[in-house]
Every structure is written in structure tokens, then in C-alpha cells.
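Summary of the model geometry
For reference, the chains in residue letters:
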Amino acid sequence: MHFSIPETESRSGDSGGSAYVAYNIHVNGVLHCRVRYSQLLGLHEQFGKTHCLGAARLSTETQQVPTEEVSLEVLLSNGQKVLVNVLTSDQTEDVLEAVAAKLDLPDDLIGYFSLFLVREKEDGAFSFVRKLQEFELPYVSVTSLRSQEYKIVLRKSYWDSAYDDDVMENRVGLNLLYAQTVSDIERGWILVTKEQHRQLKSLQEKVSKKEFLRLAQTLRHYGYLRFDACVADFPEKDCPVVVSAGNSELSLQLRLPGQQLREGSFRVTRMRCWRVTSSVPLPSGSTSSPGRGRGEVRLELAFEYLMSKDRLQWVTITSPQAIMMSICLQSMVDELMVKKSGGSIRKMLRRRVGGTLRRSDSQQAVKSPPLLESPDATRESMVKLSSKLSAVSLRGIGSPSTDASASDVHGNFAFEGIGDEDL
């Protein structure tokens, strides 16, 4: 959560129509609500154990959203629509439970899935804005954007494909994974050769969903989340890249001048720390007062990477989805730490005080996606830059240009030292 520069505005109903300073509260880069300073202090005071509930209540009160039952549309990865009845005041977990009930997904598998806010592009592809946080109100989050482009999508929330085994034992879980994987292959998120494509289609024709997923698990970028094209300073300044997150790494697909499409991989365990910075540049020669005449917010994700045994180097990615990338890094680290401690990501659903979960009156089956289309002949094969990054000439990039305080830096508890023999 971060705060934008305050703006002065006059609200109808105020005594004498007087103007006051309003603070915009953004949750992961999207406007959540506007509050007075007194409300901001109240939120800050509650930001301890009750910060989630306080933030949720303050959103609803600021936007004056009445608590009532509404229908909310949630999409599956294959575009299938699931309509659930929820309250406008329901938080993310409430809506997730409603979707699971509608699909007849068992309670103990709900924790393996999450809700994501996405923007549907003209070609029908999804651009991921953020993972909906626990304290958010999904109905308010999507409707406050006042655009039909924004949707809520259900997608698996873990990175390690070993957890697929838990989900695949259930019919609904299997169908959800299968639909997501077919969709990712069709989008080109999962990298498939012509022979692998033929094998996958053959398994589809036999309706061998588990075997299909077993083969898909061996493919490059299986289970990854792909972001829109952006810019990085690796391996050179202002390099156009496509970033994907998954399998405990960030993957950068890039094309160097006169060369084939290439890929570089940055392992999460070699990132000492990372940070997200934002800036709003003033137009050239502008003398506008703060908060006026500013351009779009520029977001950067910078991480300090262990290139060799004794050399750390900052790598910076400039993207409107930088916050989402940071959330992915943190969730990968959290998952690694749980696994390292011998724990499990299986989350037993918490029960409501004074009642049981709302169950749906009618279930909805997950539709089986159509057979894979023929592979795109224009899609290029990709040469790996080597997972150790030794095949590319690395330039001294230095630290990010935007200073940030220590509190803005995310330390990585999964960071591991390496020896030269590992490179």
C-alpha cells in the first residue's frame, strides 16, 4: 500500500463547501479510496492486527458502498464465466469460497487458488494487474475502476509443480489445472516444440488429462505468469524484454541486435534483495505545483543479483506491472521457506464464528477446453542465455538511479551464497 501526492478538493455536503486535503490510497498501484487526514490517522492506528479489517471498512465507507447482495462475475483461465452471489462487503477470501462452492472445489484445496485482477486486452489476452489481497473487497475493487476491461480471474496460487499432485487428486482441481494449462499453451506462455505439441494434442484426444499435465510439467515455463512487454537494463540499457515469473526465477526474453530471441534466468535464491520504486516525472520545463500537470507513474523493480561468488549487481526492470512482479517474488520466497522448513502450503479453510460456510445452491462444471490449435508457424524458438548467465557479456550497470530508504527494500530470507564452481 502506498500514498500518492495529496490533492485539494471540495466535497458536497461539507460545512460551507470548504476545501480540504484528500489523500489517495493505492493498493498495489490501483486507486483504492480517498480519505481525509483524520481518516488516514485512524487507518494508521488500526494498521496492527486489525489493519485488514480497517482497510476494508474504510474503503466501503469512503466510496459509500451499501452492503447488499450482488452478482459477481469471475473468470476461469480458459475464459469460462462463473457467476457467484456475494455481498459488496465480502473480502477476497469470502469471494474465493463462493467460487469454490460454485465449482464444488473441496475446502482443503481452496488455498491452492487465488483471485487476480486482470485487464482484458483487445486480443482477448489477460494483462495481470495484481493478486487480490486478503483485505480487499473484490466487488469494490473491480467496479470502482469503471471499465469493462477489468475482470477477476481464478488461477492457481503456487509455483512448485510438485503441489499439482494434491490438486490433481480431485476431479474439479484436475479440471481447473487442465483448463489453465491448455490456455497457457495457446497463449504461448508455455514453450512447446512441434513434437511436444503433437504429443499433447494426442493426449487431449484420448481425454488423458493427468498424462497431459505430466507432460506439460516438463515443458519450459510451465506454471509461469507472463507479463506485458517492458524495458530492462540487462544485458544493456533500455533493452526490450518480456518477463515471466515461475519455478523460483524471473525469466527475461530478449532480442539483442542482429541476434535470435534469447532468454536469461534470474534465480530467486540469488537475489539478495529487491525494491519497487515509483516516480511521477514533471513535463520538461514545467513549473506546476505538486500534484498538478504530472505524467503517468513510472514503476521500477530493481533486484540485487549474485552474478558470481564476490559480485553483486543491480538489475532494473521498468514496467507498470512492477508491483505484481514484486508480489510474485515474495510469494516464491515464502513458498521456498515453507518447503525448507518442512511445512505444507495446504491451508485448511478457517470457519466463521457463529456459523458455517455459505454453500452454493447450484454447482457449475469446469468446461473442458477445445483441442490445441496447430502451433503458430511464426513463433520463434528461443536460445537460452544459460541459466548461469555466463553466455552473455555483462556490463557494469550500477545501482538504480532512484534512491530508496531501507524500509522500501525487501530482504530475501531464501538468499543463498554460491561458489564459482556453481557458475
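What you see as residue numbers is a count from 1 along each chain, following the sequence as written. Selection of residues for local features in this predicted model requires a pLDDT of at least 70, selection of side-chain atom pairs for listing and counting requires 80 or more, and totals for whole chains, interfaces and linings are taken over all residues. Calculation of side-chain values draws on the structure's entire complement of heavy atoms; hydrogens and water are dropped beforehand.

**A word on the overall build of the protein chain**
- Think of it this way: any DSSP run of H or I at least four residues long counts as a helix, any run of E at least two long counts as a strand, and we number them from the N terminus. Tallying secondary structure elements over the protein chain gives nine helices and 19 strands in all.
- Burial status across the protein chain gives 45% buried among its 423 residues.
- Whether two residues are in contact is decided by their heavy atoms: any pair within 4.5 Å suffices. The contacts in the protein chain between residues at least 6 apart in sequence include a share of 62% that link residues at least 24 apart.
- Of the roughly 21,300 Å² that the protein chain leaves accessible, carbon and sulfur atoms contribute 48%. Exposure is judged per residue with a 1.4 Å probe applied to protein chains only, and the accessible area is read against the type maximum: over 50% gives exposed, under 20% gives buried, and values in between give partly exposed. All accessible-area figures derive from a Shrake-Rupley calculation using a 1.4 Å probe, and residue coverage is judged against the displayed protein chains alone.

**Topic: helix α7 (residues 194–205)**
- To estimate how far a helix should extend, the number of its residues minus one is multiplied by 1.5 Å. With 12 residues, α7 extends 17 Å from end C-alpha to end C-alpha; this agrees with the ideal 16 Å at 1.5 Å per step.
- Every buried residue of α7 is listed here: H197, L200, L203 and Q204. On an axial view of α7, the arc spanned by its buried residues comes to 125°, and they lie on one face. For α7, the exposed residues set more than 90 degrees away from the buried face come down to K194 and E205.
- Lining the buried residues of α7 we find α6 (171–187) and α8 (209–216).
- Count one or two residues on from α7 and you reach V207, which has phi positive near 55°. Note that the arc is defined by the directions from the helix axis to the C-beta atoms.

**Concerning the packing of aromatic side chains**
- Any two of the Phe, Tyr and Trp rings considered here, Trp counted by its six-membered ring, make a pair once their centres fall within 6.5 Å; the pair's planes then place it as stacked at under 30 degrees, edge-to-face at over 60, or tilted in between. Overall, the coordinates contain nine aromatic pairs when judged by the stated rule.
- Centroid distance F234 to F266: 5.0 Å. Interplanar angle 75°. Geometry classified as edge-to-face. In this pair, F234 sits in the loop between β11 (230–232) and β12 (239–246) while F266 sits in strand β14 (residues 261–267), placing the two residues 32 residues apart along the sequence.
- You can call F234 buried: its relative accessible area is 0%.

**Here's the deal with the sheet that holds strand β7 (residues 113–120)**
- A sheet is described by the order of its strands in space; here five strands give the open sequence β6-β5-β9-β7-β8, paired in mixed fashion. Strands at the two margins of the open sheet, each flanked by one partner only, are β6 (81–87) and β8 (126–131). Sheet twist, expressed as the average angle between the axes of neighbouring strands with direction ignored, equals 45°.
- A pair of strands counts as paired when DSSP detects no fewer than two bridges linking them. Sheet analysis places β7 next to strand β9 (residues 150–156), joined by seven bridges and oriented antiparallel. Pairing of L117 across the sheet is with I152, part of β9.
- What counts as an axis is a line fitted to C-alpha atoms, over the stretch in contact for a helix, and the angles between N-to-C directions run from 0 to 180 degrees. Contacts between α6 and the sheet are confined to β7, β8 and β9, with β9 contributing the most and set at about 115° to the helix.

**Remarks on the packing of α6 against α8**
- Look at α6 against α8: their axes get within 10 Å of each other, and the N-to-C directions meet at 50°. By the angle between their axes, α6 is oblique relative to α8. Viewed along their axes, α6 and α8 form a crossing whose handedness is left-handed. For the pair α6 and α8, the contacting residues are L174, N175, L177, Y178, T181, V182 and I185 in the first and K209, K210, F212, L213 and A216 in the second.
- In terms of residue class, the contact of α6 with α8 is built from eight nonpolar, two polar and two charged. Convention used here: angles under 35 degrees read as roughly parallel, angles over 145 as roughly antiparallel, angles from 65 to 115 as roughly perpendicular, and any remaining angle as oblique. Handedness of each helix crossing follows the sense of rotation of the near helix against the far helix: counterclockwise by less than a right angle gives left-handed, clockwise gives right-handed. Three classes are used, and their members are as follows: Ala, Val, Leu, Ile, Met, Phe, Trp, Tyr, Cys and Pro are nonpolar, Asp, Glu, Lys and Arg are charged, and the others, Gly among them, are polar.

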